[in-house]
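What the coordinates show
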Amino acid sequence: MTMRLDYLSIFPAYFDVLDISLLGKAAVNGLVEVHAHDLRDWTHDRHRTVDDTPCGGGAGMVMKPDPWGEAFDEIIGTEPDSSVHVIFPSPSGAPFTQSAAQELSSAVRIVFCCGRYEGIDHRVIDYARSMWTVHEVSLGDYVLNGGEVAALAITEAVVRLVPGFMGNPESLAEESFSAGQDGLLEYPLFTRPVSWRGLDVPEVLMSGHHGRIAKWRRDESVRLTCERRPDLTDSDFGVPH
Ligand SMILES: Nc1ncccc1[N+](=O)[O-]
């Protein structure tokens, strides 16, 4: 199954980067196909206008609904289809999580709508909800200039989970937030040399004792999660003895 990814933006060149690194390989071996579109292609005035002043007043500009609607008609179609996932990255969205990435990794089509200015006329989102499966998601509590960077981050989080994408799927099982780690942060990693600038690899990792190594790793994951992400812990994890 090939996953089709579409990006609607007034800066479609942002998505040229998807032709390199891991994503480039996935595109080559047919796992994903990427289509970036310039929203201004669906304007009809000389200035290719995509924004206007906000109704009700206020600072800044709002993206007009018309270009989005015409772009949707051409790129997605005019028939409702719940198998199409439409993502609006926004600071007012729901926090994007690894489980959301996991769910989206089985999607056949994902369309990213990258807003700029103060945002997109809300009727665009309401219309999309009437037609497709819509996700308004946020990467974090800070404000970017638009949705493009978020769309790239979400793309990477999702595509790397597509079956057949990662050379060694087992490496996914031990990552932070993965189910294999019970949603805990990943333990610290080490490789050779055993001693480096007076800093040594923890002895337990060189012991060859798999039970002790597994316990050390679990304890470190719990310790790190308690220290850095108390929001992810609950009474079950507790603090390692
Ligand atoms: N934080 C954000 N700021 C602007 C657009 C999108 C954003 N986000 O997190 O998805």
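Note that the structure is predicted; figures quoted are calculated from it, not measured.

This part covers the site of the ligand. Near the ligand the following residues occur: Pro89, Ser90, Pro91, Val137, Ser138, Leu139, Gly140, Tyr142, Val143, Leu144, Gly146 and Ala150. At 3.3 Å, a backbone N or O of serine 90 approaches an oxygen atom of the ligand. Measuring from an oxygen atom of the ligand, one finds a backbone N or O atom of valine 137 at 3.4 Å. Protein chains bury 96% of the 270 Å² of accessible surface belonging to the ligand in isolation. With three residues, the top contributor of residues to the shell around the ligand is strand β5 (residues 84–95). A breakdown of the residues in the shell around the ligand according to their chemical character gives eight nonpolar, four polar and no charged.

Ranked by internal contacts, the top residues of the largest apolar core, which has 28 residues, are Leu5, Phe96, Ile110, Phe112 and Val158. Looking at this core, the elements that each hand over two or more residues are β1 (3–9), α3 (98–104), β6 (109–113) and α5 (148–159). No other element matches α5, which puts six residues into this core. When neighbours within four sequence positions are excluded, phenylalanine 96 is seen to be in contact with Ala101, Leu104, Val137, Ser138, Leu139, Ile154, Ala157 and Val158. Membership of the second largest hydrophobic core comes to 23 residues, among which are Trp42, Val50, Val84 and Ile120.

The relative placement of two packed helices comes down to the angle between their axes together with the axis-to-axis distance. The N-to-C vectors of helix α2 (residues 65–75) and helix α4 (residues 122–131) enclose an angle of 25 degrees; their axes lie 9 Å apart at closest approach. Taken as axis vectors, α2 and α4 run roughly parallel relative to one another. Helix-helix and strand crossings are classified by hand; for α2 and α4 the assignment is right-handed. Contact residues: α2 offers Pro65, Trp68, Phe72 and Asp73, while α4 offers Arg123, Val124, Tyr127 and Ala128. For the contact of α2 with α4, a count of residues per class yields six nonpolar, no polar and two charged.

Definitions and limits used
- Residues numbered from 1 in each chain as written.
- Predicted model: local features only at pLDDT ≥ 70, side-chain atom pairs only at ≥ 80, totals over all residues.
- Heavy atoms only, no water.
- Near = heavy atom within 4 Å.
- Polar contact = N/O pair within 3.5 Å; in protein donor to acceptor, adjacent residues only side chain to side chain.
- Areas by Shrake-Rupley, 256 points an atom, 1.4 Å probe, with all protein chains shown as cover.
- Helix = DSSP H or I, 4+ residues; strand = E, 2+ residues; numbered from the N terminus.
- Nonpolar A, V, L, I, M, F, W, Y, C, P; charged D, E, K, R; others polar.
- Core = buried A, V, L, I, M, F, W, Y, C linked by side-chain atoms within 4.5 Å.
- Buried < 20%, exposed > 50% of the residue type's maximum accessible area, 1.4 Å probe, protein only.
- Contact = heavy atoms within 4.5 Å.
- Axes fitted to C-alpha atoms, helices over the stretch in contact; angles between N-to-C directions.
- Parallel < 35°, antiparallel > 145°, perpendicular 65-115°, else oblique.
- Left-handed = near helix turned anticlockwise from the far one by under 90°.

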